[in-house]
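Here is how the chains run, residue by residue.
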Amino acid sequence: ELITLRRLVGLYPTGHPQIEEKLCELDVAVQRRLEQSPSLQVDVVRADVHIDGDAYRQESRTHAHLITELTDIGIQSIRIDAGVTATELRATAEFLCQSDGQHGGDAVRERLSRAGVQHVTLGRTVRLDTRWASKAWPDGPTGPVDPAYEEALVMAQSAFSGVSSGGDLDAN
């Protein structure tokens, strides 16, 4: 919704009915979500949207295009905190419309703050490299001390490998 509002802000003058309608829709959706939690976190990870840590899969060309539009300007993470107003959401959309993707994290925060946005944070996600291996102690045991522990290690390593190669985390 925020990216759609961004598009409308770029097309129409301030106060246009389409902007106001989309802003109202976005504000209602955000406020509903914030009734359940003090913040709303939206992250784009490997072209998938995650809302509050849960993958949100929407298979459509429009959805993919909106994700690309957001990441092309260097934004992969949006956090909206309780207390956000429709005015802040509009200012964020205007900021995104004017954004060229060539800014640093502090500059974004400062520019949003100057626009009166206190409850929205924009950022980039950082990929975590989980290909590390723990170093063995020279005086450590040479074999498994406990078979259940060895099995847990194998399962953990498998989970990290699966997630780092783009798979979902199996909670079972």
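Our structure is the block above this text.
Summarised in this report is the structure supplied together with it. (Residues numbered from 1 in each chain as written. Predicted model: local features only at pLDDT ≥ 70, side-chain atom pairs only at ≥ 80, totals over all residues. Heavy atoms only, no water.)

**Focus on unusual backbone geometry**
- You will see that Asp52, though not glycine, has its phi angle at about 50°, which is positive.
- Tracing the backbone through its elements, the reader meets Asp52 in the loop between strand E2 (48–51) and strand E3 (54–56). (Helix = DSSP H or I, 4+ residues; strand = E, 2+ residues; numbered from the N terminus.)

**A closer look at the packing of helix H1 (residues 2–11) against helix H4 (residues 86–98)**
- At a closest axis distance of 8 Å, the pairing of H1 and H4 adopts a crossing angle of 70°. In terms of their interaxial angle, H1 and H4 are classed as roughly perpendicular. In this structure, H1 meets H4 at a crossing whose hand is right-handed. Along its contact with H1, which presents Leu2, Ile3, Leu5, Arg6, Val9 and Gly10, the element H4 presents Leu89, Arg90, Thr92, Ala93, Glu94, Leu96 and Cys97.
- Tallied by class, residues from the contact of H1 with H4 come to eight nonpolar, two polar and three charged. (Axes fitted to C-alpha atoms, helices over the stretch in contact; angles between N-to-C directions. Parallel < 35°, antiparallel > 145°, perpendicular 65-115°, else oblique. Left-handed = near helix turned anticlockwise from the far one by under 90°. Contact = heavy atoms within 4.5 Å. Nonpolar A, V, L, I, M, F, W, Y, C, P; charged D, E, K, R; others polar.)

**Some words on the nonpolar core**
- If you look at the biggest cluster of nonpolar residues, it comprises 30 residues, and the most contacted ones within it are Ile78, Ile80, Leu96 and Leu122.
- For this core, the secondary structure elements donating two or more residues are H1, helix H2 (17–36), strand E1 (39–45), helix H3 (61–72), strand E4 (77–81), H4, helix H5 (105–114) and strand E5 (120–123). (Core = buried A, V, L, I, M, F, W, Y, C linked by side-chain atoms within 4.5 Å. Buried < 20%, exposed > 50% of the residue type's maximum accessible area, 1.4 Å probe, protein only.)

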